[in-house]
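The lines below spell out each chain.
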Amino acid sequence: AEVRRRRNGEKKFVFPYDLGKSKNKAAVLGSGRFSWLIPGGATPGDPVWPSVRAGSTHFDLSMEQIAQKTEKLQRSLVMPVRQAFSAAGRCCCTYWCWVGWEFGCALCDCEAC
């Protein structure tokens, strides 16, 4: 994600819900130490739209995740199936030995492998 942001000239991603140690604690437990002992007490802020740090929006994290998934999709490749696969009746202990023996250890489809 950092490489993509540098390449596109975007600013560094900052987690929008990180308000700092004391404000995060107050948002979850309440503002005073006495409220920490009383379960179910009112906490400051809106539970549906919690506070975000200055300069951020509630959708920054979602937008970052969508950008990462888009980049990953652009870099993905479709690989052909070379041979049918069935692990029926194989023990989990010997499974990977069987896979290596049956299909070889090559991970690509190049001439060298």
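Calculation rules
Residues numbered from 1 in each chain as written. Predicted model: local features only at pLDDT ≥ 70, side-chain atom pairs only at ≥ 80, totals over all residues. Heavy atoms only, no water. Helix = DSSP H or I, 4+ residues; strand = E, 2+ residues; numbered from the N terminus. Buried < 20%, exposed > 50% of the residue type's maximum accessible area, 1.4 Å probe, protein only. Areas by Shrake-Rupley, 256 points an atom, 1.4 Å probe, with all protein chains shown as cover. Patch = residues over 30% accessible without salt bridge, like charges linked within 9 Å, V, L, I, M, F, W, Y side chains within 5 Å. Salt bridge = Lys/Arg side-chain N within 4 Å of Asp/Glu carboxyl O. Phe/Tyr/Trp six-rings, centres within 6.5 Å; stacked < 30°, edge-to-face > 60°.

Asks: Can you break down the overall build of the protein chain residue by residue, with the values?
Replies: Broken down by element type, the protein chain carries five helices and zero strands. Ordered by position in the sequence, the α and β elements of the protein chain form the string α-α-α-α-α. Counting only residues that meet the buried cut, the protein chain has 8% of its 113 residues in that class. Per element, the accessible surface of the protein chain, about 9,900 Å² overall, is 61% carbon and sulfur.

Asks: So, a nonpolar patch on the surface: which residues are in play, and what are the values?
Replies: There is a patch of nonpolar side chains on the surface, built from V28, L29, F34, W36, L37 and I38 and spanning about 660 Å² of accessible area. Listed by contribution, the elements that provide at least two residues to the nonpolar patch are α2 (21-29) and α3 (33-37). The element that contributes the greatest number of residues to the nonpolar patch is α3, accounting for three residues. Along the polypeptide, I38 turns up in the loop between α3 and α4 (60-75). Relative accessible area serves as the criterion here: at 41%, I38 is assigned to the partly exposed category.

Asks: Help me get a handle on the packing of aromatic side chains, residues and values and all.
Replies: Geometrically, a pair of aromatic rings is defined through the distance of the ring centres and the angle of the planes. Tallied over the entire structure, the rule returns two aromatic pairs. On the basis of an interplanar angle of 65 degrees and a centroid distance of 5.8 Å, the ring pair of F15 and Y17 is categorised as edge-to-face. Relative accessible area serves as the criterion here: at 41%, F15 is assigned to the partly exposed category. According to the relative accessible area criterion, Y17 is partly exposed, its value standing at 27%. With 5.7 Å between their ring centres and 65 degrees between their planes, W49 and F59 make a pair best called edge-to-face. Taken as a pair, W49 in the loop between α3 and α4 and F59 in the loop between α3 and α4 lie far apart in primary sequence, 10 residues in all. Classification of W49 as partly exposed rests on a relative accessible area of 44%.

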